[in-house]
Amino acid sequence: SEDHHAGASEWHGAGGPLPVNPGRSRNPLIDAFLAAAQQAGHPVNPDFNGPEQDGVGYYELTQRGGLRCSTADAYLRPAVERPNLSVLTGVQCTRVLLDGERAVGVEVDRDGATQELRCEREVVLSAGAYNSPQLLMLSGIGVADELAALGITPKVNLPVGENLQDHPHLAVVHLTDTESLLTAETSENLRLLEAEGRGPLTSNVGEGGGFFRTTGGLDAPDVQIHAVPAMFHQEGLGAATDHAFHIGAVLLAPTSRGKVTLRSTLPSAKPRILHNYLSTAEDRATAIRALRLVLDIVGQPALRLHRRSDFLTPPSDSDADLLAYARRELQTLYHPTSTCAIGPVVDHELRVHGVAGLRVVDASVMPTVVRGNTNAPTIMIAERAADLIRGTVSADV
Ligand SMILES: Cc1cc2nc3c(=O)[nH]c(=O)nc-3n(C[C@H](O)[C@H](O)[C@H](O)COP(=O)(O)OP(=O)(O)OC[C@H]3O[C@@H](n4cnc5c(N)ncnc54)[C@H](O)[C@@H]3O)c2cc1C
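Residues numbered from 1 in each chain as written. Predicted model: local features only at pLDDT ≥ 70, side-chain atom pairs only at ≥ 80, totals over all residues. Heavy atoms only, no water.

1. Observations concerning the overall build of the protein chain
The number of helices and strands found in the protein chain is 9 helices and 22 strands. Expected size for 397 residues packed as a compact globule is a radius of gyration near 21 Å; at 23 Å, the protein chain falls within 12% of this value. Viewed in the frame of its principal axes, the protein chain has a C-alpha envelope of about 65 × 50 × 45 Å. The 397 residues of the protein chain split such that 47% are buried. Restricting to contacts in the protein chain with at least 6 residues of sequence separation, those with at least 24 account for 65%. Working note: accessible area of the protein chain is about 18,900 Å², and carbon and sulfur atoms make up 51% of it. (Helix = DSSP H or I, 4+ residues; strand = E, 2+ residues; numbered from the N terminus. Rg over C-alpha atoms; globule rule 2.2 N^0.38 Å. Buried < 20%, exposed > 50% of the residue type's maximum accessible area, 1.4 Å probe, protein only. Contact = heavy atoms within 4.5 Å. Areas by Shrake-Rupley, 256 points an atom, 1.4 Å probe, with all protein chains shown as cover.)

Here's what the structure looks like:
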């Protein structure tokens, strides 16, 4: 997939559709975070996707010319003129059509009318970790008892929707007199973005961060930090009212498991999403260590310099206060996965067990959430699926 700015190497690809470039916004608050992390004893890592993941640094971004490069930009738009591709927008898929044990198409709601789209070979569901299980369950593929209780005739009994995972995110936010992204939206910065593809409006917000082992005996980091030069709170939905910086830690390998279930047989109804964050003693202990790690870094001289006052911080660093704070302030990092996992729901070629002609290709197939951001790994899954569907590789290779 990758088109890494430094070219091909043992750790990176070049020439792929997905550009990976250094960020073009460099807020001084992130420099201060990196300095503070070093004062706390953490090494600098120039490439988290290189030989070592541990350490702090700037994140590389899937950007082109200072703008996010999504899968629509990298893959879909270049292919959109192909005669064998039709893209229907504003259309909601409502279920998979089954003929016995074979998927033969999908039912969609198009401008208020129900329509059937038939396939010649197979159906590939890529509705994400919340909606792929919803669609399977609406089609009678799921936990049989639960489907029957809703009046859906169970066709294949599989633990669809179970095993929901995510990266829980715990942050502290300090007010600052240093200019944050709050005031980035100026006509000069807009000009810089449009004319030169640089400046603060190219910021990915989580400009810097790092990977950490918060206890001994781990074979990989258990915590990742995102350092944000802005008042980011309430999952990014809270109003930003002042200059501030946010240092947030995620649990990279949570052991809590949630579940996606149907609340209604109406496809237009949202599924019920229960994450069960911090439901294991292990996750609660990691959350406490993660917050302590963040407090240690924001307490170092390089960041103390930038702290005007507290905006969102725990009252003390006692275990009880940190856990209560974690329970109250935990946010999602928007990395849901694993609800149609390889193993219980799909096989190693992403085919749904017990149904011919039906694959799931999205973050829901990850057996466990990856130890890092989920976008590129999901693209990797899709690239692999494309090869499997075309028969150019087999899952055993
Ligand atoms: C706010 C936010 C910020 C994020 N930031 C990052 C980041 O910085 N880095 C990173 O690595 N990851 C990030 N992620 C996570 C990343 O976007 C996801 O892991 C990734 O997009 C998952 O891909 P997917 O194909 O599984 O699902 P999605 O990308 O969610 O794709 C599912 C698609 O299916 C469509 N769909 C769903 N149901 C139906 C239906 N019934 N009919 C028709 N269409 C349907 C949806 O509209 C959607 O377009 C972020 C996510 C969010 C929400």
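Now, onward.
2. Observations concerning the site of the ligand
Taken together, 16 residues lie around the ligand, and Cys93, Ala363, Asn373, Thr374 and Asn375 are the ones closest in. A distance of 2.8 Å separates a nitrogen atom of the ligand from a polar atom in the backbone of Cys93. In the environment of the ligand, an oxygen atom lies 2.8 Å from a nitrogen or oxygen atom belonging to the backbone of Asn375. Burial of the ligand by the surrounding chains reaches 53%, relative to a free accessible area of 990 Å². Within the residue set of the shell around the ligand, elements represented by two or more residues are strand 7 (91-99), helix 3 (128-138) and helix 9 (375-390). Within the shell around the ligand, the residues separate by chemical class into 6 nonpolar, 9 polar and 1 charged. (Near = heavy atom within 4 Å. Polar contact = N/O pair within 3.5 Å; in protein donor to acceptor, adjacent residues only side chain to side chain. Nonpolar A, V, L, I, M, F, W, Y, C, P; charged D, E, K, R; others polar.)

3. Notes on empty space enclosed by the protein
Per the counting criterion, the structure on display carries 2 cavities of 30 Å³ or more. Within this model, the largest cavity holds a volume of roughly 60 Å³. Lining the largest cavity, in full, are Leu164, Gln165, Asp166, Pro168, Pro254, Ser256, Gly258, His275, Tyr277, Leu278 and Asp283. Here the lining of the largest cavity is built from residues that sort into 5 nonpolar, 4 polar and 2 charged. By volume, the second largest cavity amounts to about 30 Å³. For the second largest cavity, the full set of lining residues is Asn21, Pro22, Arg24, Gln63, Arg64, Gly65 and Gly66. When grouped by side-chain class, the residues that make up the lining of the second largest cavity number 1 nonpolar, 4 polar and 2 charged. (1 Å grid on protein atoms, 1.4 Å probe; cavity = no way out; pocket = protein on both sides within 12 Å on 5 of 7 lines; lining within 4 Å. Points joined across faces, edges and corners; volume = space filled by probe spheres on them.)

4. Considering the environment of Val143
Tracing the backbone shows Val143 in the loop between strand 11 (141-142) and helix 4 (144-149). Each C-alpha atom, one on Val143 and one on Val160, is 6.5 Å from the other, the two residues being 17 residues apart in sequence. If sequence neighbours within four positions are ignored, Val143 has contacts with Asn157, Leu158, Pro159, Val160 and Glu162.

5. Some details on the pattern of salt bridges
Scanning all chains against the criterion turns up 19 salt bridges. The salt bridge involving Asp54 is made with Arg213; its shortest N-O contact spans 2.7 Å. You can see Asp54 sitting in the loop between helix 1 (28-39) and strand 3 (55-58) and its partner Arg213 sitting in the loop between strand 15 (208-212) and strand 16 (223-228), a full 159 residues away along the chain. We classify Arg213 as partly exposed; its relative accessible area is 37%. In this structure, Glu107 engages Arg95 in a salt bridge whose closest nitrogen and oxygen atoms are separated by 3.2 Å. Placement of Glu107 in strand 8 (residues 102-110) and of Arg95 in strand 7 is noted, with a sequence separation of 12 residues between them. Overall, Glu107 belongs to the buried group, its relative accessible area being 15%. (Salt bridge = Lys/Arg side-chain N within 4 Å of Asp/Glu carboxyl O.)

6. Regarding the sheet that holds strand 18 (residues 258-261)
Across the sheet, 3 strands lie side by side as 13-18-19; this open sheet has antiparallel pairing. Only two strands of the sheet have a single partner each, and these edge strands are strand 13 (162-164) and strand 19 (272-274). When strand polarity is set aside, the average angle formed by the axes of neighbouring strands in this sheet is 35°. Sitting on the sheet, helix 3 is in contact with strand 13, strand 18 and strand 19, with an inclination near 50° to strand 18. (Pairing = 2+ DSSP bridges. Axes fitted to C-alpha atoms, helices over the stretch in contact; angles between N-to-C directions.)

7. Some words on helix 1
Its 12 residues place the ends of helix 1 16 Å apart at the C-alpha level, agreeing with the 16 Å of an ideal helix rising 1.5 Å per residue. Close packing links the buried residues of helix 1 with strand 3, strand 15, strand 16, strand 17 (244-251), helix 6 (281-298) and helix 7 (301-304). Residue Asn27 occupies the N-cap position of helix 1, its side-chain oxygen lying 2.8 Å from the main-chain nitrogen of Leu29. (Expected span 1.5 Å × (residues − 1).)

8. Observations regarding the nonpolar core
Membership of the largest hydrophobic core comes to 40 residues, with the highest contact counts inside it found for Phe33, Ile225, Ile247, Ile297 and Leu303. Those elements giving two or more residues to this core turn out to be helix 1, strand 3, strand 14 (168-175), strand 16, strand 17, helix 6, helix 7 and helix 8 (319-329). Among the elements that take part in this core, helix 6 stands out by supplying 8 residues, more than any other. Apart from the residues lying within four places of it in its own chain, the contact partners of Ile225 are Phe33, Tyr59, Gly208, Gly209, Gly210, Phe212, Ile247, Gly248, Ala249, Leu293, Val294 and Ile297. Leu358, Val365, Met366 and Ile381 belong to the second-largest nonpolar core, a separate cluster that totals 34 residues. (Core = buried A, V, L, I, M, F, W, Y, C linked by side-chain atoms within 4.5 Å.)

9. Here's the deal with the side chain of His306
By the secondary structure assignment, His306 is in the loop between helix 7 and strand 20 (309-312). Here the side chain of His306 touches Thr178 through a polar contact of 2.7 Å, side chain to side chain. Those residues in contact with His306 that lie beyond four places of it in its chain are Leu29, Ala32, Leu175, Thr176, Asp177, Thr178 and Phe245.

10. Overview of the environment of Asp310
Note on placement: Asp310 falls in strand 20. Not counting chain neighbours up to four residues away, the residues in contact with Asp310 comprise Val173 and His174. Side chain to side chain, Asp310 and His174 meet in a polar contact 3.2 Å long.

Limitation: the analysis is restricted to geometry and does not speak to function.
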